[in-house]
Amino acid sequence: MIAIDEVRLGDPIEAAGRVLTPVLRVRYTVVAGPAGAGGFGAVEPLGIVLEEAGETFYLPFDPQRDWDWIAARLEA
């Protein structure tokens, strides 16, 4: 059995002079046995690392806030 549960940084994206890097939680399990192999996995977005004007900010995703709220923060 192989089991992974870790936080990873996605590929950075440059947009409007800013660098956005997604922060993801990656979980998966793979099981191999005499009857074959199987498993499951999930990727959960945790937030965004935002770099602009020499500063770095972390914007966590919050179930109480939607994409419009995040977009407004990025436009400010």
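In what follows, the structure referred to is the one given above.
Summary of the structure given here. (Residues numbered from 1 in each chain as written. Predicted model: local features only at pLDDT ≥ 70, side-chain atom pairs only at ≥ 80, totals over all residues. Heavy atoms only, no water.)

## A few points about the environment of Arg 65
Inference 1: With respect to the helices and strands, Arg 65 occurs in the loop between β5 (55-60) and α1 (67-75).
Inference 2: Separated by 36 residues in the primary sequence, Arg 65 and Thr 29 have C-alpha atoms spaced 30 Å apart. (Helix = DSSP H or I, 4+ residues; strand = E, 2+ residues; numbered from the N terminus.)

## Here's the deal with a nonpolar patch on the surface
Inference 1: Side chains of Ile 2, Tyr 28 and Val 30 sit close together on the surface and give an oily, nonpolar patch of about 240 Å² of accessible area.
Inference 2: Looking at where Tyr 28 falls in the secondary structure, it is placed in strand β3 (residues 18-33). (Patch = residues over 30% accessible without salt bridge, like charges linked within 9 Å, V, L, I, M, F, W, Y side chains within 5 Å. Areas by Shrake-Rupley, 256 points an atom, 1.4 Å probe, with all protein chains shown as cover. Salt bridge = Lys/Arg side-chain N within 4 Å of Asp/Glu carboxyl O.)

## Quick look at the pairing of strand β4 (residues 36-52)
In the case of a regular strand, side chains alternate between the two sheet surfaces.
Inference 1: As judged from the 15 bridges shared by β3 and β4, these two strands associate in the antiparallel manner. Across the sheet, Leu 20 pairs through a bridge with Leu 50, a residue of β4.
Inference 2: Where β3 folds back on β4, the antiparallel hairpin that results is connected by two residues.
Inference 3: By the bridge criterion, six bridges tie β4 to β5 in an arrangement that is antiparallel. (Pairing = 2+ DSSP bridges.)

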